[in-house]
Amino acid sequence: MSTVAKIFPAAVAFALLLLIWELCARLGGIAPTVLPAPSRVLAQAWENRAALADNTLPTIRATLAGFACSLVAAFILSALVDFFAPLRRALFPLLIASQTLPLVAIAPLVVLWFGFGLLPKILLVALVTFFPMMVALVEGYAATAQEISQMLAAMGAGRRRIFWLARLPSALPYFFAGLRISITYAVVGAIFAEYAGAAKGLGIYMLSAKNNFRPDLVLAAVAVSSALTLTLFGLAVLAQRLAMPWENVKSDRAGRYGDKPSGEGRP
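Next up on the list: a nonpolar patch on the surface. Judged by side-chain polarity, Val72, Phe75, Ile76, Leu80, Phe84, Trp164 and Leu165 come together as a nonpolar surface patch covering roughly 670 Å² of accessible area. Put simply, the parts of the chain that give the nonpolar patch at least two residues each are α3 (49-83) and α8 (159-196). Counting residues per element, the nonpolar patch draws most heavily on α3, which supplies four residues. Along the polypeptide, Leu165 turns up in helix α8.

For the rest of this paragraph, the subject is the pattern of salt bridges. A pair can form between side chains of opposite charge whenever their charged atoms are brought close. Considering all chains together, one arrives at six salt bridges under this definition. Arg167 serves as the salt-bridge partner of Asp82, at 2.9 Å between the closest nitrogen and oxygen. Placement of the pair is Asp82 in helix α3 and Arg167 in helix α8, with a sequence separation of 85 residues. Residue Asp82 is classed as buried on the basis of its relative accessible area, which comes to 16%. Residues joined in a network through salt bridges with shared partners are Arg40, Arg214 and Asp216.

Considering every residue of the protein chain, the mean pLDDT works out to 84; 91% of them sit at 70 or more. Here residues 260-267 is a poorly scored stretch, pLDDT under 50, and it has zero contacts once near neighbours within four places are set aside; other chains count.

Turning our eyes to something else, we now look at the layout of surface pockets. As a volume, the largest pocket reaches approximately 420 Å³. Considering the residues around the largest pocket, the lining is formed by 16 residues, among which Phe14, Leu18, Trp21, Leu219 and Ala223 are closest to the centre. Among the secondary structure elements, those contributing two or more residues to the lining of the largest pocket are α1 (3-27), α2 (38-47) and α10 (215-243). It is α10 that contributes the most residues to the lining of the largest pocket, seven residues altogether. Here the lining of the largest pocket is composed, by residue class, of 14 nonpolar, two polar and no charged.

It is worth spelling out the packing of aromatic side chains at this point. Aromatic rings considered in pairs are described by the distance between their centres and by the relative angle of their planes. All told, the structure shown has six aromatic pairs when counted by the stated rule. The ring of Phe92 is capped by Arg88, whose NZ or CZ atom sits 5.1 Å from the centre of that ring.

This next bit is on the side chain of Thr63. Turning to its location among the elements, Thr63 is positioned in helix α3. Residue classification places Thr63 among the buried residues on the basis of a relative accessible area of 3%. Once residues lying within four places of it in the same chain are set aside, the contact partners of Thr63 are Val125, Ala186, Val187, Ala190 and Leu232.

The next point concerns the nonpolar core. Met134 and Leu179 are the most contacted members of the largest nonpolar core, which totals 39 residues. Where this core is concerned, the elements lending two or more residues are α3, α4 (85-98), α6 (118-142), α8, α9 (202-211) and α10. Among the elements that line this core, the one with the most residues is α8, at eleven residues. In terms of nonpolar packing, the next biggest core, distinct from the first, is built from seven residues, Ala107, Val110, Val128 and Ala193 among them.

What counts as what
- Residues numbered from 1 in each chain as written.
- Predicted model: local features only at pLDDT ≥ 70, side-chain atom pairs only at ≥ 80, totals over all residues.
- Heavy atoms only, no water.
- Patch = residues over 30% accessible without salt bridge, like charges linked within 9 Å, V, L, I, M, F, W, Y side chains within 5 Å.
- Areas by Shrake-Rupley, 256 points an atom, 1.4 Å probe, with all protein chains shown as cover.
- Salt bridge = Lys/Arg side-chain N within 4 Å of Asp/Glu carboxyl O.
- Helix = DSSP H or I, 4+ residues; strand = E, 2+ residues; numbered from the N terminus.
- Buried < 20%, exposed > 50% of the residue type's maximum accessible area, 1.4 Å probe, protein only.
- pLDDT = per-residue confidence, 0-100.
- Contact = heavy atoms within 4.5 Å.
- 1 Å grid on protein atoms, 1.4 Å probe; cavity = no way out; pocket = protein on both sides within 12 Å on 5 of 7 lines; lining within 4 Å.
- Points joined across faces, edges and corners; volume = space filled by probe spheres on them.
- Nonpolar A, V, L, I, M, F, W, Y, C, P; charged D, E, K, R; others polar.
- Phe/Tyr/Trp six-rings, centres within 6.5 Å; stacked < 30°, edge-to-face > 60°.
- Lys NZ or Arg CZ within 6 Å of the ring centre and 35° of its normal.
- Core = buried A, V, L, I, M, F, W, Y, C linked by side-chain atoms within 4.5 Å.

Below is the structure:
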């Protein structure tokens, strides 16, 4: 199935949604200060493109830096947990507890502790994106076929070599699943951090537009943040295709010939 055929239904649904929104805003007697039409949002976004671009760059910087730190920390800690089982029992309750903390309450505290610079934004992005990747990697290591590990051990491979040759490749599908989940939270984490305190950023821009009763500019900033999230998600999918080319061959063959996954249709 071609890429165009895959995205066509979603594109049609999105266009219909915009059309309904436009008609409701124009014909429903709703004031633009309550619900601006998509055409007005687009026009205001273009008119204020310089300010939007100026505030988008700090958000991108915080998002990428925080996500990179999260990625490195998730890999290192997942490897340590895989090598030392007691460490898993010690760390996982703390990691789970960290996910119960409301971001809207934690963000002001992090800004209070670390100031209004880039560091608190990096920490908050890392906090909201770290856990899914960490769990996905640990589950991926555990899913390694025992026969492969036993064969490598019989050939004289040590635990570290078994990790690189068997456990890490087996974890790749799990890792990219966690990566796609985490990447959708990254921009949101950066914007929440900017809400709590920043000089520039999409969060500050939205807050300023809201205080000035400009929902069109708020929605323009929301559209930019959504575009950033979709771009990062697309890059994650592209990275998976490049790192796991054999999966592309299997999916293309399944789409072309209607192959079923192994075991499907069995009683």
